[in-house]
Amino acid sequence: MAWASLSGLLLMLLALFGLSTLLVRRTGMGPAAAPLGALSLVALVLLAGGLLGVLPLAALVLLLGGVGGLLAEGALARRARRPDPVREALGHPAARVFWALAVVLAVYFARLQPDFLNFDEYSFWGTAAKLMADNDRLYTLCDAGLPWQMTELSALPLLSYFFQLYGAFAPWRAIYAADLAMLAAAAAVGGCARKARVALPVLLGAALVPTLLSVAGHTALLSTAWLEFLGDMPAGMLFGGAVAFWLAVRRSPLPARVMVLPVLLLAANVKSNTLVLALAAAGLIALDCLFFPAPGSHRGIKALAARAGFALVCLAAPLVQYMAWSRHIAVLVQRNAASGGMGDTAGASLPEVAVNGVKLLLGLPVTDYFEDRRTLFTDYGTALQSAFCTRNVSMLGTGLAVTALVGVLFVLALLLGPNPRARVRTLVLGAGSGVCFLGYWLMLWLSYAFLLKDSTPEAPASYARYFGSYYGGWLLIALAVLALACDAAPKALWGRAAALVAGAVFACVFGVQAEPQFTLLGVRRGEYAAVRAERAVAQAAAASIAPGERVFLIRQGDEGFYWFLYNQTMRPLDLVYGEGGATYGDPALTDGADDPYFAPYTAAEFAAMLQKEDVQWLVVARVDETFVASYQSLFTDGLAAAEAGPTLYEVTDGGFVPAGALEKEAGA
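Worth saying up front: this structure is predicted, and the values here are computed from it rather than measured.

Re the overall build of the protein
Right, so step 1: Within the protein, the secondary structure is distributed over 28 helices and 9 strands.
Right, so step 2: For the protein, the C-alpha radius of gyration of 26 Å lies close to 26 Å, the compact-globule estimate for 668 residues.
Right, so step 3: C-alpha atoms of the protein, sized along the principal axes, occupy 85 × 70 × 50 Å.
Right, so step 4: Out of the 668 residues in the protein, the part that is buried amounts to 56%.
Right, so step 5: A separation of at least 24 residues holds for 74% of the contacts in the protein among residues at least 6 apart in sequence.
Right, so step 6: Taken together, the 45 basic and 46 acidic charged side chains of the protein have centroids lying 25 Å from each other.

Structure representation (structure tokens):
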């Protein structure tokens, strides 16, 4: 077990607990909502530190503030004979479950050491986190070694940096940071209820949401959001968690209610499409704040004006976050051929897409670019409607099934409402979240029709993943509203029964649909054996190469995944992009094979390409018969070493000379 790495993570977890304790003591925030509030402060402070160029100092301030604040609060409590701050920070059942799971998950991950398995974890998410950990700077300011600038949003890499502060970068600590954010959102849902018999069942349901939405029925493949460092599911959980946070603190003092703003900033900073999700959360919070003030609040014009002002600030928070980050990366965006990280994109800008898409819906004239795509727009609309009713997106079934479950949860909350005002409030939140879903649907419809090039109406790219973000947050919002209703039900027995039934439904779906050995409950280290072997080859090669020297990867059969893996592992070495992961060969030997990842070069062209790129080393991780037949004349050993196993070759004027086998390290 990586005890040194674990101890560093536990130290930062202690700091996070200290920050949560300070929020509980100094703002009057509920203990179950405090972890999400603390994580939002961590992300905000680190972002400010990164933009100012003092990222390590910002992390140190958070560490000292959390640990020092916890010790100071304990000393003050003893002197004033006040309740122990640790006991207060654990004063809610959902808070106790959250912190217990946080420690258990840390120890479990330190033992399992999950690695990145997803392409996007190597092409962006994990690489961004590693760049920050290795360079103590925002990843946008680092040498990414990629053919495009990385312009995705920064919340998850920032949270990863917090837990990577001590010790070498470890993928499992990045995964842990994403998981903790999702757990904090689930804890906020539990915090909407004061009674354990209500809080714990809804917390169970909320904690199961990522798995229910990341696994579509029985599967023979490892597929769970808890073992990934990707933005989609955390984005959805933080969207729902922001609304749940507000519902949990709405009766708290003003400082606690104001903390919803950093939570909204965090929700808006996860992924390019989370601006829409964060605006949806802000809109629901604004509605609740404006029309349903907490009992005992001031009445009158001044009070209404104050609530309206706060509602506007909530709506502005995601826009401020998004615009500030966009300003930071404006130069990068100009160089980027893509548009926001949702796939390869076409030439229209997002504002143009929004305006002309609405015009198409209203039957108004549009520019030629959009008129030419009117049929495609219509086809995607039909395809998305069909997929909503027929395509499984989760263990719960289709999008229609998930929406139906959300509706049932809202209806239960409506029936359990203690008074007409509470029932109207439930109706407003239910209807409002439904309208927001239609807005999110429209955003994806426009994206599919006018932005995404790697998609067709017959097979919408990443359909379940994109819609899963909203479904996850929507389920959390429905559970949070149900928790409020169950907690205040006229008959406590009915409230407890409804909460228990809701939690049992989520648990039963998981129990029936999930194969435990392919989830967090049963995954083994062997799942990561292939990736770790490749990492070991990359690490062994990097240890033999001086900084600044240029490296070229040869791994026949690659479709880009392993190039990104080697690039991430070997940073800060300069891995030449080449074809970005390809199968190389003389075109005369391929018999016209139609492979988008095939890179046709004669031996002379291949040597000239390496010379043009000023390549000094070749990491030959895997060869095949085509590669040997095409290029063995360029290698002084005729590729004999490479055929025996991964080999490092030095590029010299006299040919490519073997510099050492890498197979021993690869098998370690």
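The structure having been displayed, the exposition proceeds.
Regarding the sheet that holds strand β9 (residues 655–661)
Right, so step 1: Taken in spatial order, the 5 strands of this open sheet run β4-β3-β7-β8-β9, and their pairing is mixed. Two strands lie at the open edges of the sheet, namely β4 (574–575) and β9, each paired on one side alone.
Right, so step 2: As judged from the 5 bridges shared by strand β3 (residues 550–555) and strand β7 (residues 617–622), these two strands associate in the parallel manner. Pairing of Arg 555 across the sheet is with Arg 622, part of β7.
Right, so step 3: Lying over the sheet, helix α24 (residues 561–570) contacts β3, β4 and β7, oriented at roughly 145 degrees with respect to β3.
Right, so step 4: Each of β3, β7 and β9 is contacted by helix α25 (residues 603–612), which is oriented at about 145 degrees to β3, the strand it contacts most.

Description of unusual backbone geometry
Right, so step 1: Of the consecutive residues Arg 571 and Pro 572, the connecting peptide bond is found in the cis state with omega at 15 degrees.
Right, so step 2: With respect to the helices, strands and loops of the structure, Pro 572 is situated in the loop between α24 and β4.
Right, so step 3: Phi is positive for Gln 113, which is not a glycine, with a value near 50 degrees.
Right, so step 4: Within the secondary structure, Gln 113 is located in the loop between α5 (93–112) and α6 (119–135).

Considerations on the nonpolar core
Right, so step 1: Counting 214 residues, the largest nonpolar core has Leu 16, Leu 46, Phe 163, Tyr 176 and Tyr 566 as its most contacted members.
Right, so step 2: A total of 18 residues in this core trace back to one element, the largest contributor, which is helix α21 (residues 463–487).
Right, so step 3: Not counting residues within four places of it along the chain, the set of residues in contact with Leu 16 comprises Ala 38, Leu 39, Val 42, Trp 99, Phe 162, Phe 163 and Leu 180.
Right, so step 4: Core analysis: the next-biggest nonpolar cluster, separate from the first, contains 24 residues, Phe 552, Leu 610, Tyr 631 and Tyr 649 among them.

Side note on the pairing of strand β8 (residues 647–652)
Right, so step 1: As defined by bridge partners, β7 adjoins β8 across 4 bridges and the pair is classed as antiparallel. If you follow Val 620 over to β8, its bridge partner there is Thr 647.
Right, so step 2: Relative to β9, β8 is paired through 6 bridges, and the arrangement is antiparallel. Within β9, the position partnered with Thr 652 by the bridge is Gly 655.
Right, so step 3: Counted along the chain from β8 to the antiparallel partner β9, the turn is 2 residues long.

Regarding the pattern of salt bridges
Right, so step 1: If you walk through the whole model with that rule in mind, you get 13 salt bridges.
Right, so step 2: A salt bridge links Lys 271 to Asp 232; the nearest nitrogen and oxygen atoms lie 3.3 Å apart. Linking Lys 271 in the loop between α12 (260–267) and α13 (274–291) with Asp 232 in helix α10 (residues 232–249), this pair joins segments that are 39 residues apart in sequence.
Right, so step 3: Exposure remark for Asp 232: the relative accessible area of 7% places this residue in the buried category.
Right, so step 4: Across the pair Arg 374 and Glu 371 runs a salt bridge whose closest N-O atoms are separated by 2.9 Å.
Right, so step 5: On the basis of relative accessible area, Arg 374 is assigned to the partly exposed category, the value being 28%.
Right, so step 6: Using a relative accessible area of 36% as the deciding quantity, one classes Glu 371 as partly exposed.

Concerning the environment of Phe 377
Right, so step 1: When you line up the elements, Phe 377 lands in helix α18 (residues 374–390).
Right, so step 2: A sequence separation of 68 residues divides Phe 377 from Trp 445, and the C-alpha atoms of the two residues are 7.7 Å apart.
Right, so step 3: Sequence-distant contacts of Phe 377, that is, excluding residues within four places in its chain, are made with Gly 357, Leu 360, Leu 361, Trp 445, Leu 446, Ala 449 and Phe 450.

What to know about the state of the cysteines
Right, so step 1: A complete count under the given rule lists 0 disulfides for this structure.
Right, so step 2: Cys 508 takes part in no disulfide bond, and the closest cysteine sulfur, belonging to Cys 486, lies 17 Å away.
Right, so step 3: The exposure class assigned to Cys 508 is partly exposed, which follows from its relative accessible area of 48%.

A short note on the confidence of the model for the protein
Right, so step 1: Taken as a whole, the protein shows an average pLDDT of 88; of its residues, 92% reach a score of 70 or greater.
Right, so step 2: Long-range and interchain partners of residues 336–346, a stretch whose pLDDT sits below 50, account for 33 contacts in this model, where long-range means more than four residues apart.

Brief notes about a nonpolar patch on the surface
Right, so step 1: A cluster of nonpolar side chains, Leu 11, Leu 14, Leu 52, Val 54, Leu 57, Leu 60, Val 61, Leu 64 and Tyr 166, forms an exposed patch at the surface whose accessible area comes to about 790 Å².
Right, so step 2: Those elements giving two or more residues to the nonpolar patch turn out to be α1 (3–27) and α3 (55–80).

Re the packing of aromatic side chains
Right, so step 1: Per the counting criterion, the structure on display carries 48 aromatic pairs.
Right, so step 2: A ring pair is formed by Phe 124 and Trp 125, whose centres lie 4.9 Å apart and whose planes are at 75 degrees; its orientation type is edge-to-face.
Right, so step 3: We classify Phe 124 as buried; its relative accessible area is 8%.
Right, so step 4: Arranged with centres 4.4 Å apart and planes meeting at 0 degrees, the rings of Phe 377 and Trp 445 form a pair that is stacked. With Phe 377 in helix α18 and Trp 445 in helix α20 (residues 420–450), this residue pair connects regions lying 68 residues apart in the sequence.
Right, so step 5: Residue Phe 377 is classed as buried on the basis of its relative accessible area, which comes to 5%.
Right, so step 6: For Trp 445, a relative accessible area of 15% translates into the label buried.
Right, so step 7: The cationic tip of Arg 373 hangs over the ring face of Tyr 369; the distance from NZ or CZ to the ring centre is 3.7 Å.
Right, so step 8: The ring centre of Tyr 562 lies 3.7 Å from the NZ or CZ of Arg 555, which sits over that ring.

A closer look at helix α14 (residues 301–328)
Right, so step 1: With 28 residues, α14 ought to run about 40 Å at 1.5 Å a step, and its terminal C-alpha atoms sit 40 Å apart, in line with that.
Right, so step 2: Looking at the buried residues of α14, the elements they touch are α2 (34–52), α10, α11 (254–258), α12 and α13.

Some words on the packing of helix α19 (residues 399–416) against α21
Right, so step 1: With their axes 8 Å apart at the nearest point, α19 and α21 run at an angle of 15 degrees to one another. Between α19 and α21, the interaxial angle falls into the category roughly parallel. The handedness of the crossing between α19 and α21 is left-handed. Contacts between α19 and α21 involve Gly 399, Val 402, Thr 403, Leu 405, Val 406, Leu 409, Phe 410, Leu 412, Ala 413 and Leu 416 from the first element and Tyr 471, Trp 474, Leu 475, Ile 477, Ala 478, Leu 479, Val 481, Leu 482, Ala 485 and Cys 486 from the second.
Right, so step 2: A breakdown of the residues in the contact of α19 with α21 according to their chemical character gives 18 nonpolar, 2 polar and no charged.

The rules we used
- Residues numbered from 1 in each chain as written.
- Predicted model: local features only at pLDDT ≥ 70, side-chain atom pairs only at ≥ 80, totals over all residues.
- Heavy atoms only, no water.
- Helix = DSSP H or I, 4+ residues; strand = E, 2+ residues; numbered from the N terminus.
- Rg over C-alpha atoms; globule rule 2.2 N^0.38 Å.
- Buried < 20%, exposed > 50% of the residue type's maximum accessible area, 1.4 Å probe, protein only.
- Contact = heavy atoms within 4.5 Å.
- Lys, Arg positive; Asp, Glu negative; His and termini not counted.
- Charge placed at Lys NZ, Arg CZ, Asp CG, Glu CD.
- Pairing = 2+ DSSP bridges.
- Axes fitted to C-alpha atoms, helices over the stretch in contact; angles between N-to-C directions.
- Core = buried A, V, L, I, M, F, W, Y, C linked by side-chain atoms within 4.5 Å.
- Salt bridge = Lys/Arg side-chain N within 4 Å of Asp/Glu carboxyl O.
- Disulfide = S-S within 2.5 Å.
- pLDDT = per-residue confidence, 0-100.
- Patch = residues over 30% accessible without salt bridge, like charges linked within 9 Å, V, L, I, M, F, W, Y side chains within 5 Å.
- Areas by Shrake-Rupley, 256 points an atom, 1.4 Å probe, with all protein chains shown as cover.
- Phe/Tyr/Trp six-rings, centres within 6.5 Å; stacked < 30°, edge-to-face > 60°.
- Lys NZ or Arg CZ within 6 Å of the ring centre and 35° of its normal.
- Expected span 1.5 Å × (residues − 1).
- Parallel < 35°, antiparallel > 145°, perpendicular 65-115°, else oblique.
- Left-handed = near helix turned anticlockwise from the far one by under 90°.
- Nonpolar A, V, L, I, M, F, W, Y, C, P; charged D, E, K, R; others polar.

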